[in-house]
Amino acid sequence: RPDLCLVVANNDGGGIFGLIEPGRPEHADAYERVFATPVGADLAAADALEGAQGFTFVQADLTDEDAVARVFAAVAGRLDGVVHSAGVPGGGPVHLLDVQEWARVINVNLTATFLVVKAALARMLGQERVRGERGSIVTLSSVEGLEGTAGGSCYNAAKGGVVLLTKNVAID
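A. Just the confidence of the model for the protein chain, in detail. Confidence in the prediction for the protein chain averages 75 pLDDT; 66% of positions are at 70 or higher. The element-level mean pLDDT for the protein chain is lowest in strand β2 (residues 16–20), coming to 42, with helix α4 (residues 153–171) highest at 95. Here residues 1–5 is a poorly scored stretch, pLDDT under 50, and it has 25 contacts once near neighbours within four places are set aside; other chains count. Below pLDDT 50 for its whole length, residues 9–32 participates in 71 contacts with residues either more than four positions away or in separate chains.

Structure, rendered in C-alpha cells:
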C-alpha cells in the first residue's frame with residue numbers, strides 16, 4: 001500500500017482531515033482520502049467530491065477527544081503522515097477579553113492540535129517501521145506564536161503553545 005498522509009486543516013472550530021500522497025498527485029486515485037469537516041459545515045462542495053474521486057467526509061469537533069479518535073479510526077491501514085493546521089482568529093487586549101473568547105481560541109488552536117497529535121502518535125507508535133520510520137507529524141502555527149501583536153493575546157498564546165508542544169513532542 002502506498003504511503004498515506006492525514007491532513008488536518010481547521011476552519012472556525014471544526015477541521016478538515018484528508019489523506020494525500022505527498023508529492024505525487026498523478027497517482028491520487030490510488031490513495032484513500034478521509035476528510036473530517038467542521039460540525040455544521042456546508043457540505044455542498046464535499047458532496048461533489050465524495051464517491052466520484054474516492055473522498056470520504058466525516059464531520060468532527062477537533063476539540064473533542066472521542067471525535068478525533070473516530071476520525072483516526074476511519075483511516076484504514078497504515079498512517080505515514082499527519083499535517084495539522086488549526087486556527088481560528090480571535091482575542092483582543094487582555095483587559096478587554098472575556099474568558100469564553102479565551103477558551104474558544106485556545107481550545108480550537110491549541111487543544112485541538114494536542115488531541116490530533118496525541119491520536120496520531122498513538123497510531124504511529126503502534127506501527128512497524130518503514131524505512132526506519134513509523135510516520136511523521138507536521139504542525140503549522142503562525143509567526144504570531146513567536147512574537148506579540150496588538151490584540152492578539154489568546155491567538156498568540158495558543159500558537160506559541162503549538163510551537164512548544166511540537167518541540168516537546170519531538171523531544172519525547
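B. How the structure looks around unusual backbone geometry. A positive phi angle, near 50°, is found at R131, a position not held by glycine. In this fold, R131 is placed in the loop between α3 (99–125) and β6 (136–139). We classify R131 as exposed; its relative accessible area is 68%.

C. Just the packing of α3 against α4, in detail. Packing of α3 against α4 leaves a shortest axis separation of 8 Å and a crossing angle of 15°. The angle between α3 and α4 falls in the class roughly parallel. Like other packed secondary-structure pairs, α3 and α4 cross with a definite hand, here right-handed. Contacts from E101, W102, V105, I106, N109, L110, T113, F114, V117 and L121 in α3 reach S153, C154, Y155, A157, A158, K159, G161, V162, L165 and V169 in α4. Looking at side-chain class alone, the contact of α3 with α4 contains 14 nonpolar, four polar and two charged residues.

D. Local environment of the nonpolar core. With 12 residues, the main nonpolar core is built from L62, V68, F72, V75, L79, V82, A112, L115, V116, A119, A120 and M124. Elements with a minimum of two residues in this core: α2 (65–73) and α3. Looking at which element gives the most residues to this core, the answer is α3, with six residues. Not counting the four nearest positions on each side in its chain, A119 is found in contact with V68 and F72.

E. The packing of α2 against α3, seen in detail. Relative to each other, α2 and α3 sit at 45°, their axes nearing to 10 Å. The orientation of α2 relative to α3 falls into the category oblique. Here α2 runs over α3; the crossing is right-handed. Residue-level inspection shows E65, V68 and F72 of α2 in contact with α3, the latter providing L115, V116, K118, A119, A120 and R123. A per-class count over the contact of α2 with α3 returns six nonpolar, no polar and three charged.

Each value, and the rule that gives it
- Residues numbered from 1 in each chain as written.
- Predicted model: local features only at pLDDT ≥ 70, side-chain atom pairs only at ≥ 80, totals over all residues.
- Heavy atoms only, no water.
- pLDDT = per-residue confidence, 0-100.
- Helix = DSSP H or I, 4+ residues; strand = E, 2+ residues; numbered from the N terminus.
- Contact = heavy atoms within 4.5 Å.
- Buried < 20%, exposed > 50% of the residue type's maximum accessible area, 1.4 Å probe, protein only.
- Axes fitted to C-alpha atoms, helices over the stretch in contact; angles between N-to-C directions.
- Parallel < 35°, antiparallel > 145°, perpendicular 65-115°, else oblique.
- Left-handed = near helix turned anticlockwise from the far one by under 90°.
- Nonpolar A, V, L, I, M, F, W, Y, C, P; charged D, E, K, R; others polar.
- Core = buried A, V, L, I, M, F, W, Y, C linked by side-chain atoms within 4.5 Å.

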